[in-house]
Amino acid sequence: MTTAHTRRVLVVNAGSSSLKYQLVDPDTGRSDATGLVERIGLPAGRARHTCSSGTHVHELTVPDHARAMELLRDAFAEHGPDLAEVELVAVGHRVVHGGADFSEPTLITPAVVDAVRRLIPLAPLHNPGNLEGIEVAQRTFADVPQVAVFDTAFHQTMPAEASTYAVPRAWRLQHRVRRYGFHGTSHAYVSRRVAELLGRPVEEVRSVVLHLGNGASATAVDGGRSVDTSMGLTPLEGLVMGTRPGDLDPGLPRHLAEVAGISVEDYDRALSKESGLLGLTGSADMREVMERREAGDADAALAFDVVVHRLLHYVGGYAAVLGRLDALAFTAGIGEHSPEIRAAVLSRLAGFGVELDEAANASADGETLITTPGSSVAAFVVPTNEEWEIASQAAEVVGAG
Ligand SMILES: Nc1ncnc2c1ncn2[C@@H]1O[C@H](COP(=O)(O)OP(=O)(O)O)[C@@H](O)[C@H]1O
Ligand SMILES: CC(=O)OP(=O)(O)O
Ligand SMILES: [Mg+2]
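Residues numbered from 1 in each chain as written. Chains lettered and ligands numbered in written order. Predicted model: local features only at pLDDT ≥ 70, side-chain atom pairs only at ≥ 80, totals over all residues.

Regarding helix α6 (residues 184-198)
Item 1. An ideal rise of 1.5 Å per residue puts 21 Å on 15 residues; α6 measures up with 21 Å between its terminal C-alpha atoms.
Item 2. Across the 15 residues of α6, 11 count as buried, placing the element largely inside the fold. (Helix = DSSP H or I, 4+ residues; strand = E, 2+ residues; numbered from the N terminus. Expected span 1.5 Å × (residues − 1). Buried ≥ 20, exposed ≤ 12 C-beta atoms within 10 Å, placed from the backbone.)

Focus on the site of ligand 1
Item 1. Around ligand 1, the surrounding shell holds 13 residues, and the nearest of these are G213, N214, M286, G333 and H337.
Item 2. Elements with a minimum of two residues in the shell around ligand 1: α10 (286-294) and α12 (332-337).
Item 3. Residue contributions to the shell around ligand 1 peak at four residues, all from α12. (Near = placed C-beta within 6 Å.)

Details of the UniProt feature "binding site: Mg(2+)" (unreviewed entry) in the protein
Item 1. The sites that carry the UniProt feature "binding site: Mg(2+)" (unreviewed entry) are, in the present numbering, N13 and E386. A maximum C-alpha distance of 9.6 Å among these annotated residues, which run over 374 residues, shows that they cluster at one spot.
Item 2. Within the secondary structure, N13 is located in strand β1 (residues 7-14).
Item 3. When neighbours within four sequence positions are excluded, N13 is seen to be in contact with K20 and R94.
Item 4. In this structure, E386 sits in helix α15 (residues 386-397).
Item 5. Those residues within four positions of E386 in sequence are excluded, and the remaining contacts are R94, T185, S186 and Y189. (UniProt positions renumbered as here; feature names shortened; annotations may be inferred. Contact = placed C-beta atoms within 7 Å.)

Some points on the site of ligand 2
Item 1. In the neighbourhood of ligand 2, the contacting residues comprise V96, H126, D151, F182, H183, G213, N214, G215 and P235.
Item 2. Class assignment of the residues belonging to the shell around ligand 2 gives a composition of three nonpolar, five polar and one charged. (Nonpolar A, V, L, I, M, F, W, Y, C, P; charged D, E, K, R; others polar.)

Quick notes on the UniProt feature "binding site: substrate" (unreviewed entry) in the protein
Item 1. Following the UniProt record, the feature "binding site: substrate" (unreviewed entry) maps to R94 here.
Item 2. Structurally, R94 is set in strand β6 (residues 87-95).

Points about the sheet that holds strand β8 (residues 146-150)
Item 1. Strand order in this open sheet of eight strands is β5-β4-β3-β2-β1-β6-β8-β7, and the pairing throughout is mixed. Taken across any chain shown, the strands that pair with only one partner, and hence form the sheet edges, are β5 (54-60) and β7 (106-107).
Item 2. In this sheet, β8 lies alongside β7 in antiparallel orientation, the contact comprising two bridges. Paired with L107 across the two strands is V147, which belongs to β8.
Item 3. The strands that helix α1 (residues 65-79) touches are β1, β2 (19-24), β3 (31-38), β4 (45-51) and β5; relative to β3, the one it contacts most, it runs at about 145°. (Pairing = 2+ DSSP bridges. Axes fitted to C-alpha atoms, helices over the stretch in contact; angles between N-to-C directions.)

This is the structure in structure tokens:
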């Protein structure tokens with residue numbers, strides 16, 4: 001049975017070792033099922049599927065993304081909803097790096113797959129998994145259009161002064177060395193919600209969105225357009241993240257090569273997988289860092305301070321870039337769930353007239369204003385919804401929006 005009321009998009013976010021999915025109504029954002037296949041290619045994997053009948057967990061070894069996609073299909077067949085009963089209008093894929101070629105969601109063709117593959121060196125943690133997700137979904141859902149929604153797309157509006165690195169001409173022109181930015185789907189969704197929460201037209205609002213998840217980035221949004229963002233050529237630049245350091249002195253690779261013989265490969269691995277919270281504390285997980293900090297651990301306390309200090313750099317810098325700041329939004333795992341991080345950032349901005357509403361911040365659950373009515377800047381918690389954003393963009397691309 002296919003009716004206009006059962007139109008759905010299957011949203012796939014394939015990472016290097018995980019496959020997240022959601023069956024979404026592109027019009028309302030309502031999701032009928034969510035799932036996560038974790039530890040793909042590792043000894044002990046896990047598949048979790050949540051739908052109206054509850055949460056179903058299987059512990060098993062998942063050798064590759066092809067097997068993960070089979071598990072996805074099996075989970076729908078076994079626990080529902082039955083994919084044969086819905087009109088699957090598209091599979092929407094989160095693709096992290098789209099380079100300068102993609103400023104819009106795009107129907108996936110062999111040329112698009114080639115372009116995503118060529119960009120692997122710029123997003124080695126992300127694009128390979130995204131590609132596997134696409135290739136497997138194309139085989140599994142052969143008669144459903146596949147759409148790529150790029151993390152980089154929203155930031156294509158950045159002005160040249162924000163996207164340009166001051167490096168030799170040949171690097172910029174021949175090797176496409178520039179700032180691209182990521183998490184654009186989240187920044188687009190959250191900045192739009194911020195304008196709605198303020199009750200003002202998006203064209204009039206200047207905001208800073210702090211997407212603080214495993215990867216983290218800040219974006220300055222002026223009138224609904226990204227005008228600056230903290231990630232750059234790759235998702236390594238900017239804020240302190242779970243395993244990535246954010247901003248560093250560009251002289252570091254040479255220094256490490258000289259004093260410790262560290263190769264480009266070792267350097268790259270350390271920056272992608274061993275730095276950030278993990279490098280500072282031994283844990284990449286902010287919840288654990290917060291627990292240790294509360295228990296008096298000095299490394300955890302320092303890590304927290306470093307995270308907050310870097311956030312302040314970006315908030316202050318972007319307020320200056322925007323010329324005026326109407327709103328600040330916290331989103332993703334840490335932004336949505338850590339009142340301590342939010343309070344630490346906002347209380348340090350008191351000298352600029354920002355007034356934290358402590359009670360609202362402490363009890364924030366879902367979309368919440370966490371500053372007082374008299375605050376110079378309105379700060380919000382806005383749960384991100386990349387899946388809905390991907391679903392509605394994918395539906396639009398296939399003409400079902
Ligand atoms: N209550 C909490 N307090 C602090 N950090 C939290 C809390 N809940 C989740 N987090 C953190 O959010 C991060 C994961 O964010 P998330 O957006 O889920 O990541 P991903 O990028 O994998 O989607 C982790 O560092 C996790 O510890
Ligand atoms: C681009 C990026 O860092 O994504 P994630 O936060 O999913 O790692
Ligand atoms: Mg994320």
